[in-house]
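Structural overview for review
Listed below are the residues making up each chain.
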Amino acid sequence: MNFLSRSLIALCLLPLSLAAHAGARDQLDTFSRGIEGLSANFAQRVYGPNGEVKDKSSGTVKLRAPRQFRWEVTQPFPQLIVADGDNLWVYDPDLEQVNVRNQSAEENSSPLAVLIDPTELERQFTVKEGGRSQGLDWLELRPKKPDEAPFERARLGFGAAGLVRMDLYDGLGQRTVLGFSAWKRNPAFAADTFDFTPPAGVDVVGEPVNKAQVVPLTD
């Protein structure tokens, strides 16, 4: 399962309050203006075709333009996903295993990417306003290359604090609901935030672009 279905923003340098009656597209433009990096907390639920809850998780997400992200699940089971711009690393501590592969168009087409690179919005998606409901203004995205995307459509819900919720729908009737809070704009990321080196003793499956990165840490 890809990171979108599994588990996809320091002091604010610009205000996060958005015009109360602005459309979702206007709110996205306001939220993403001047952004080079974001961080937030997330809570995720995955629903099956019959509405049953199949998975629940929570953690933190960090993004930096143009192609880097760090998706860290803290509950109920730890998992770390890092895209360094060239490779996608998926680390499962409980399995003592790291999967790595070239960072493909699938990761680059995440709806979250439009928050730090608004030029991707029209290039990657067909976009339309989704109206107002549940106290949020919604923007609906459909991938222009559906065969390369892990979802059929996405709905982004904006409130006074920016992006509050994202719903993803796949071709099997599954829905992933992500709630976001505590956004920080342009935070001061640690130098190694978007780097990953496999811990000593873990199995590494796959080949990264830079093979030197799979050399385990030594005690």
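Keep in mind the model is a prediction, meaning the values are calculated, not measured.

Reading across from one edge, β7-β8-β9-β10-β11-β1-β2-β3-β4-β5-β6-β12 is the order of the 12 strands in this open sheet, with mixed pairing throughout. Strands with a single pairing partner mark the edges of an open sheet, and in this sheet they are β7 (125-133) and β12 (203-205). With strand direction ignored, the average angle separating the axes of adjacent strands in the sheet is 20 degrees. In this sheet, strand β6 (residues 97-102) lies alongside strand β5 (residues 87-92) in antiparallel orientation, the contact comprising six bridges. For Val90, the partnering residue across the bridge sits in β6 and is Asn99. The sheet contacts of helix α1 (residues 24-32) involve β1 (37-47), β7, β8 (136-143), β9 (153-159), β10 (162-169) and β11 (175-185), and relative to β8 the element is tilted by about 90 degrees.

Now for the packing of aromatic side chains. All told, the structure shown has seven aromatic pairs when counted by the stated rule. With a centroid separation of 5.8 Å and an interplanar angle of 50 degrees, the aromatic rings of Tyr91 and Phe196 are classed as tilted. With a gap of 105 residues between them, Tyr91 in strand β5 and Phe196 in the loop between β11 and β12 connect regions that are remote in the sequence. Members of the aromatic cluster, connected to one another through ring pairs, are Phe31, Phe180 and Trp183. Above the ring of Tyr169, the side-chain terminus of Arg153 is found at 4.0 Å from the ring centroid. Across the ring face of Tyr47, the terminal group of Arg175 is positioned such that the distance to the ring centre comes to 4.6 Å.

One finds Trp71, Leu112 and Phe180 to be the most contacted residues of the largest nonpolar core, which totals 34 residues. Leu80, Trp89, Val98 and Val202 belong to the second largest nonpolar core, which has eight residues in total.

Moving on, we get to the confidence of the model for the chain. For the chain, per-residue confidence averages 84 on the pLDDT scale, and residues scoring 70 or more make up 83% of the total. Low pLDDT, under 50, characterises residues 2-21; the predicted model gives this stretch 72 contacts beyond four residues in sequence or across chains. The low-confidence segment residues 211-219, where pLDDT is below 50, has 19 contacts with residues more than four positions distant or belonging to other chains.

This part is about the side chain of Gln79. With respect to the element layout, Gln79 can be found in strand β4 (residues 79-83). Within the structure, Gln79 has its side chain in polar contact with the side chain of Asp92 (distance 3.4 Å).

This brings us to the environment of Ile81. Structurally, Ile81 can be placed in strand β4. Ile81 sits 11 residues away from Asp92 along the chain, and the two C-alpha atoms are 8.9 Å apart.

Regular strands place side chains that alternate from one sheet face to the opposite one. For β4, the buried fraction is high: five of the five residues fall into the buried class. Side-chain alternation along β4 places Gln79, Ile81 and Ala83 on one buried face and Leu80 and Val82 on a second face that is also buried. As paired strands, strand β3 (residues 68-75) and β4 are joined by five bridges and run antiparallel to one another. The residue bridging Val73 from the neighbouring strand is Gln79, located in β4. In textbook terms, the turn of a hairpin is the stretch between consecutive antiparallel strands, and for β3 and β4 this stretch comprises three residues. With four bridges connecting them, β4 and β5 associate as antiparallel partners. Note on β5: the bridge partner recorded for Ala83 is Leu88. With antiparallel pairing between neighbouring strands as the criterion, β4 and β5 make up a hairpin whose turn holds three residues, including Gly85 at a positive phi of roughly 105 degrees.

Cut-offs applied
- Residues numbered from 1 in each chain as written.
- Predicted model: local features only at pLDDT ≥ 70, side-chain atom pairs only at ≥ 80, totals over all residues.
- Heavy atoms only, no water.
- Pairing = 2+ DSSP bridges.
- Helix = DSSP H or I, 4+ residues; strand = E, 2+ residues; numbered from the N terminus.
- Axes fitted to C-alpha atoms, helices over the stretch in contact; angles between N-to-C directions.
- Contact = heavy atoms within 4.5 Å.
- Phe/Tyr/Trp six-rings, centres within 6.5 Å; stacked < 30°, edge-to-face > 60°.
- Lys NZ or Arg CZ within 6 Å of the ring centre and 35° of its normal.
- Core = buried A, V, L, I, M, F, W, Y, C linked by side-chain atoms within 4.5 Å.
- Buried < 20%, exposed > 50% of the residue type's maximum accessible area, 1.4 Å probe, protein only.
- pLDDT = per-residue confidence, 0-100.
- Polar contact = N/O pair within 3.5 Å; in protein donor to acceptor, adjacent residues only side chain to side chain.

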